[in-house]
Amino acid sequence: MTHYLDFEKPLAEIEGKAEELRAMARKNEEMHVEDEAAALDRKADDLLKDLYKKLTPWRKCQVARHPDRPHCKDYIEALFTEFTPLAGDRGFADDHAVMGGLARFNDRPVMVIGHEKGNDTQSRIERNFGMARPEGYRKAIRLMEMADKFGLPVITLVDTPGAYPGKGAEERGQSEAIARSTEKCLQIGVPLVTVIIGEGGSGGAVAFATANRVAMLEHSVYSVISPEGCASILWKDAEKMREAAEALRLTAQDLLKLGVADKVIPEPLGGAHRAAETAIEAVGKNIAAMLEEMDGMKPAELIKARRQKFLSMGAKGLAA
């Protein structure tokens, strides 16, 4: 069953009517409804183009959070071979919100790490909705150290509303773990490539995305705080999330202008959830291109370029 967002309700009605006609025809072979259904399909296609022609920042947030959007596990299964998951931080536990391990990308050995939200109620609870605890970031640190030791490029896939803010996570050093993971990103002497595939929320995303190259899917978002959280702090009203989304400049297009993102990866019409295979293929091509840009660079050059990239942020696009 297709999951429609709030602003897609008119589209849902048209596509629903087309499906109703076809369902009636399947029950009664004497009914000929294909012309009417095809007309509704054309109307739905036109409406879909209009809806996605210029999405507001808040609507982009909704698309980035779509439950049917491909997640980290989907990308790993489609783009990587010989994936060997590595678990645990060797200190406390294994965090299922973070998945990572050794794999081959275009037959090249790599380390892949990402947030996994889950795709149904049971898996979302198991994955804690993609919100990592300290042990998740410590696992990522361990995997990055291993990649650095063996000279393997690191590919991170970011999709999290933010780090888990629970009492236990704070007791076990959540902020310290995020800071250490960010620091480790800056220290490793191998290519580090990040793709924001959905939500890039707060320090929980930065801990994986302090990379040589940061790409964002067209309808993904990347921000220091969620629009709802920002609205609650600034206006004491979470319902002002639309105004907050505008002010945060969290869309891929805004962040490209600001120099935070290096490239925007186009999505299929209607978002990645409407044609997951096409979106995943586009991400794979862009990861390959970004890795190719760094072929032949020495560890010291990679570290220096990564550090300079983040030191120079805020120097352009502010008047845009």
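Rules behind the numbers
- Residues numbered from 1 in each chain as written.
- Predicted model: local features only at pLDDT ≥ 70, side-chain atom pairs only at ≥ 80, totals over all residues.
- Heavy atoms only, no water.
- Helix = DSSP H or I, 4+ residues; strand = E, 2+ residues; numbered from the N terminus.
- Rg over C-alpha atoms; globule rule 2.2 N^0.38 Å.
- Buried < 20%, exposed > 50% of the residue type's maximum accessible area, 1.4 Å probe, protein only.
- Areas by Shrake-Rupley, 256 points an atom, 1.4 Å probe, with all protein chains shown as cover.
- Lys, Arg positive; Asp, Glu negative; His and termini not counted.
- Charge placed at Lys NZ, Arg CZ, Asp CG, Glu CD.
- Phe/Tyr/Trp six-rings, centres within 6.5 Å; stacked < 30°, edge-to-face > 60°.
- Lys NZ or Arg CZ within 6 Å of the ring centre and 35° of its normal.
- Core = buried A, V, L, I, M, F, W, Y, C linked by side-chain atoms within 4.5 Å.
- Contact = heavy atoms within 4.5 Å.
- Pairing = 2+ DSSP bridges.
- Expected span 1.5 Å × (residues − 1).
- Arc of directions from axis to C-beta.

1. Some words on the overall build of the protein chain
Item 1. Helix and strand counts for the protein chain stand at 14 helices and eight strands.
Item 2. For 320 residues, the compact-globule estimate of 2.2 N^0.38 gives 20 Å, and the protein chain sits close to it at 21 Å.
Item 3. Taken along the three principal axes of its C-alpha coordinates, the protein chain extends 70 × 50 × 40 Å.
Item 4. Buried residues in the protein chain amount to 48% of all 320 residues.
Item 5. Summed over all atoms, the accessible surface of the protein chain reaches about 15,800 Å², with 53% contributed by carbon and sulfur.
Item 6. Mean positive and mean negative side-chain charge positions of the protein chain (45 and 50 charges, respectively) differ by 6 Å.

2. Notes on the packing of aromatic side chains
In this description, a pair of aromatic rings is defined by centroid distance and the angle of the planes.
Item 1. One pass over the full model with this rule turns up three aromatic pairs.
Item 2. Between the aromatic rings of Tyr137 and Phe208, the centroid separation amounts to 5.7 Å while the plane-to-plane angle is 65°, which identifies the pairing as edge-to-face. Taken as a pair, Tyr137 in helix 6 (residues 134-150) and Phe208 in helix 9 (residues 202-209) lie far apart in primary sequence, 71 residues in all.
Item 3. Just above the ring of Tyr164 sits the side chain of Arg133; from NZ or CZ to the centre is 4.7 Å.
Item 4. Over the ring of Phe310 we find Lys309; its NZ or CZ atom is 5.8 Å from the centre of that ring.

3. Notes on the environment of Lys9
Item 1. Relative to the elements of secondary structure, Lys9 occurs in helix 1 (residues 9-27).
Item 2. For Lys9 and Leu250, which are 241 residues apart along the polypeptide, the C-alpha to C-alpha distance reads 25 Å.

4. Remarks on the nonpolar core
Item 1. Ranked by size, the top nonpolar core spans 33 residues in total, and within it Ile113, Val154, Phe208 and Tyr222 carry the most contacts.
Item 2. Of all elements in the fold, only strand 3 (108-115), helix 6, strand 4 (154-160), helix 8 (174-187), strand 5 (192-201), helix 9, strand 6 (213-217) and helix 12 (252-258) reach the threshold of two or more residues within this core.
Item 3. Examining the composition of this core, we find that five residues originate from one element, helix 6, more than from any other.
Item 4. When neighbours within four sequence positions are excluded, Val154 is seen to be in contact with Met111, Ile113, Met144, Ala147, Ile188, Val190, Pro191, Leu192 and Val193.

5. Focus: the pairing of strand 4
Item 1. Of all seven residues in strand 4, seven are buried; the element is thus mostly enclosed.
Item 2. Side chains Val154, Thr156, Val158 and Thr160 project from strand 4 onto one buried face, and the interleaved Ile155, Leu157 and Asp159 project onto a second face that is buried too.
Item 3. The sheet contact formed by strand 3 and strand 4 spans four bridges and is parallel. Within strand 4, the residue paired with Met111 across the bridge is Val154.
Item 4. Relative to strand 5, strand 4 runs parallel, the two sharing six bridges. Bridge pairing links Val154 to Leu192 in strand 5.

6. Notes on helix 2 (residues 34-53)
Item 1. Its 20 residues give helix 2 an end-to-end C-alpha distance of 28 Å, which sits within 8% of 28 Å, the value for a rise of 1.5 Å per residue.
Item 2. The complete set of buried residues in helix 2 reads Ala37, Leu40, Ala44, Leu48, Leu51 and Tyr52. Projected onto a plane normal to the axis of helix 2, the buried residues spread over an arc of 90° and lie on a single side. Structural note: helix 2 exposes Asp35, Arg42, Lys43 and Lys53 on the side pointing more than 90 degrees away from its buried face.
Item 3. Its buried side turned inward, helix 2 meets helix 1 and helix 3 (57-64).

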